[in-house]
Structures are given as C-alpha cells and as structure tokens.
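These are the residues of each chain, in order.
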Amino acid sequence: MNDTEVNDQPQAVRAGEELDANRLTAYLKAANPELDGPLTLAQFPHGFSNLTYLVKVGEHEIILRRPPFGIEIKSAHDMEREFRVLSGLIKVYPKVPRPLLYCNDLSVMNAPFYLMERVKGVVLRSQAPEELNLTPETMRRLSEAFINNFADIHRLDYTEAGLVNLGKPQGYIQRQISGWTQRYFKAKTDEIPEVEQVAAWLAEHLPPEVGPTMIHNDYKYDNVILDPENIANVLAVLDWEMATIGDPLMDLGTSLAYWIEAGDTAELQSTRFGLTTLPGNLTRAEVVQRYSQRSGLDVSNITFYYAYGLFKLAVVSQQLYLRYKLGHTTEERFARIIHSVGALCREALRVIHKEEL
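Visitor: For empty space enclosed by the protein, give the residues involved together with the corresponding values.
Guide: If you walk through the whole model with that rule in mind, you get 2 cavities of 30 Å³ or more. If you add up the space inside the largest cavity, you get close to 80 Å³. Forming the walls of the largest cavity are Phe146, Tyr219, Lys220, Tyr221, Asp222, Ser255, Tyr258, Trp259, Phe273, Gly274 and Thr276. Of the residues in the lining of the largest cavity, the class split is 6 nonpolar, 3 polar and 2 charged. Of the volumes computed, that of the second largest cavity is approximately 40 Å³. Lining the second largest cavity are Arg65, Glu82, Leu86, Pro97, Tyr114, Met116, Val237, Leu238, Asp239 and Trp240. Residue assignment for the lining of the second largest cavity shows that the elements contributing at least two residues are helix H3 (79–89) and strand E5 (113–117).

As structure tokens, this is what we get:
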C-alpha cells in the first residue's frame, strides 16, 4: 500500500491563516543551523481549535501548532501548557509526538507556538479512506484497542511525568459543571431550552469523586494516529491541549458523547465526527463495559457522565458558533454547528429520563 494513500495529508494553507514563511525560516535556522533548504508550509484542515501545520525545510518535516487567529489567547489555547504536557508525557508514555521547541517570541508569528515531530500514520476522519478495508472485524479490533489505550492513559504515572501540578483534582466535577454552564451563557446566541435543562440536572446530580488520573479530555478516533499496516495499533495520541489531572469518568463521558451509533436518530447522527457508526464498532454500552474491565472502575453512574459529555460538546459547539457570528471565522462548517447544540442536549435529556446509553 502506498504510504501517501492512507497517511493523514495536509492541504494548502487556508486564506487568513497564513504564516510568515520568511520570519519562520529565520527563527528555525537560528534554533537549528543544520536545517538546510527552502521552507514550505501546508495545513491540516481538520479540527476546530488550535491550528496545525506541516513545516518542511529541505528533507525535514515538523509539525507546528498555534492558536486560532482572531481570539484572545486563553488557557484553552495555551501553547506553553500543551508543550509542557507533551514534554512530561513522553517520559512515561511512548504514544505521543516528541515535542521539539516552544516559542513565545511574538515577533515570529504574533502568537506563541510549538513544534513537534511528525508521526506518520492513518487518522480516521468522518469519511473512511477508500484505500482501507475497514471490515466489521477490523473495526471491532480497532474499537477494542482504542478503549484499552484510553484506560491505559488513565493509569499513567503523572507524578513521574512531572505533571502533578497540571490540574486541581479536588472538586473537579463540580467545577466542570459550573464552568461549562458559565461558558454557555457567555456564548449564548439562541434560545435552546434543552441546554439549560441539562445544566440544571447535572448540577443537582453530582456524583462522588473518583481518584484523580491523567485525563485527555478530547479522546476520539480523529485524535489518534494508527498504524497503516495494523489499523488496530495506536501509534500516537494527539491534541493534548485540554489534558489535566481530574476524574477519569468525566473523560469517559466526553468520549462517549463522540461515540455515535448507527441506530441513533438522524439529528444525533448529524453531530458525528468519527467512524463509530461503521459495522463492528463496540456499542456505547460495550465501550463502557470494556473500559470498566480494563480500568477496574465502577461505571454504575454512567448516565451522569454521558450526559455531561453531551452537554460539554454542546457548549463547545455554541462557542464555535459564536466565533462565526462575531466574524472571527468564515468557514461554513462553523455556521452549521449551532444545530448540534440542541441535538446533543436532546440526547442528554433522553439518557437522563431513560437511563440507558
């Protein structure tokens, strides 16, 4: 199989998101005089948060991450924090790209950024690559390996990684519910009563805390790089920008919210990011069961965590839509995302009332 047929490929840089190649070239060659050759830039077009570019200098390939244009640089887009997470994780977990360099010199591109190695492999987006034979047997093995790896992340020694101060685990659940509720009202544009109903239910049904672990906070198919020779082998986990020390079942809830099934309503299907609907994938109930077996954690209160994950994704969708409304992006996919807000919260209300995944 041709390597370029299945590897995640960048595209031309989007209008309005260009980087100054001359300033970047000067910076990189000052940091590493051995770099030789012309610099070219391409952009990975997926994702809604931090921007990701492929930088090629001669034969060298490097990944550059920077915050989106037109926003204030806050914790969600903290390049130094993301670089620090990768620098710590690489000590205890081989499945992250190796961080190379962090830059806070705003004269280079008017924003902090960092560089990391490129891990080549398959990234499964919303459409299956035609070159891959994703049979039910393949998807079964992949989904099982994906969940096993998720539970393994929650068992990492974050103290050995030097990340013990990354988060504040005590009171994590309550802070998440109140924090995401506040973010919703700050970004609110439309009247969607289901959002406020879910927020109120979550605030009234806070479960006891589970012992803190390293959590990713955005673990889904398109945030892992897979081995093209063995699609069930996870080579690397990407996008650690929201990683922290917190409750692992809250992390599980977020991932469940991404896990759309083939039998879900058309409205919920419209929020799908990954290939979880393909035959062979674990169901949400099977995901929870496998995670529990691998982690040893009690998942009897999974209704709360799944509803939380749906609510969180709804708020993120609302924030992205606000960016579009304010003119900070003109991408059409941001215009449509307002429809996800209600769809996700209606699913949350369904699971709250029926208590089934």
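Moving on, there is more to tell.
Visitor: Now, about the side chain of Asn50: what can you tell me, with residues and values included?
Guide: Topologically, Asn50 is positioned in the loop between strand E1 (39–44) and strand E2 (51–57). Since its relative accessible area comes to 5%, Asn50 is described here as buried. Within the structure, Asn50 has its side chain in polar contact with the side chain of Glu82 (distance 3.2 Å). Among the polar contacts made by the side chain of Asn50, one reaches the side chain of Glu241 at a distance of 3.4 Å.

Visitor: So what's going on with the environment of Ile90? Which residues, and what values?
Guide: Relative to the assigned elements, Ile90 resides in the loop between H3 and strand E4 (99–103). Taking C-alpha positions, Ile90 is 7.8 Å from Ala161, a pair spaced 71 residues apart along the chain. Setting aside chain neighbours within four positions, we find Ile90 in contact with Val96 and Arg98.

Visitor: Give me the lowdown on the packing of helix H6 (residues 172–187) against helix H7 (residues 193–204), citing residues and values where you can.
Guide: In contact at an axis separation of 10 Å, H6 and H7 are set at 160 degrees when each is read in the N-to-C sense. It follows that H6 is roughly antiparallel to H7 by the angle criterion. Judged by the twist between their axes, the crossing of H6 over H7 is left-handed. Residue-level contacts link Ile177, Thr181, Tyr184 and Phe185 of H6 to Val195, Glu196, Ala199, Leu202 and Ala203 of H7.

Visitor: Describe in detail the sheet that holds E1, supporting the description with residues and values.
Guide: Strands in a sheet are paired, the pairing made by backbone hydrogen bonds, and the direction either parallel or antiparallel. Taken in spatial order, the 5 strands make up an open sheet running E1-E2-E3-E5-E4, and their pairing is antiparallel. Every interior strand has two partners, whereas the edge strands, E1 and E4, have only one. Between one strand axis and the next, the sheet turns by 25 degrees as a mean value, whatever way the strands run. As judged from the 7 bridges shared by E2 and strand E3 (residues 60–66), these two strands associate in the antiparallel manner. Bridging from a neighbouring strand, Leu51 pairs with Arg66 of E3. Each of E1, E2, E3, E4 and E5 touches helix H2 (residues 21–31); the most contacted strand, E1, lies at about 110 degrees to it. Against the sheet, H3 engages E3, E4 and E5, with an angle of about 160 degrees to E4.

What counts, and at which threshold
- Residues numbered from 1 in each chain as written.
- Predicted model: local features only at pLDDT ≥ 70, side-chain atom pairs only at ≥ 80, totals over all residues.
- Heavy atoms only, no water.
- 1 Å grid on protein atoms, 1.4 Å probe; cavity = no way out; pocket = protein on both sides within 12 Å on 5 of 7 lines; lining within 4 Å.
- Points joined across faces, edges and corners; volume = space filled by probe spheres on them.
- Nonpolar A, V, L, I, M, F, W, Y, C, P; charged D, E, K, R; others polar.
- Helix = DSSP H or I, 4+ residues; strand = E, 2+ residues; numbered from the N terminus.
- Buried < 20%, exposed > 50% of the residue type's maximum accessible area, 1.4 Å probe, protein only.
- Polar contact = N/O pair within 3.5 Å; in protein donor to acceptor, adjacent residues only side chain to side chain.
- Contact = heavy atoms within 4.5 Å.
- Axes fitted to C-alpha atoms, helices over the stretch in contact; angles between N-to-C directions.
- Parallel < 35°, antiparallel > 145°, perpendicular 65-115°, else oblique.
- Left-handed = near helix turned anticlockwise from the far one by under 90°.
- Pairing = 2+ DSSP bridges.

Everything listed is a geometric property; what it means functionally is a separate question.
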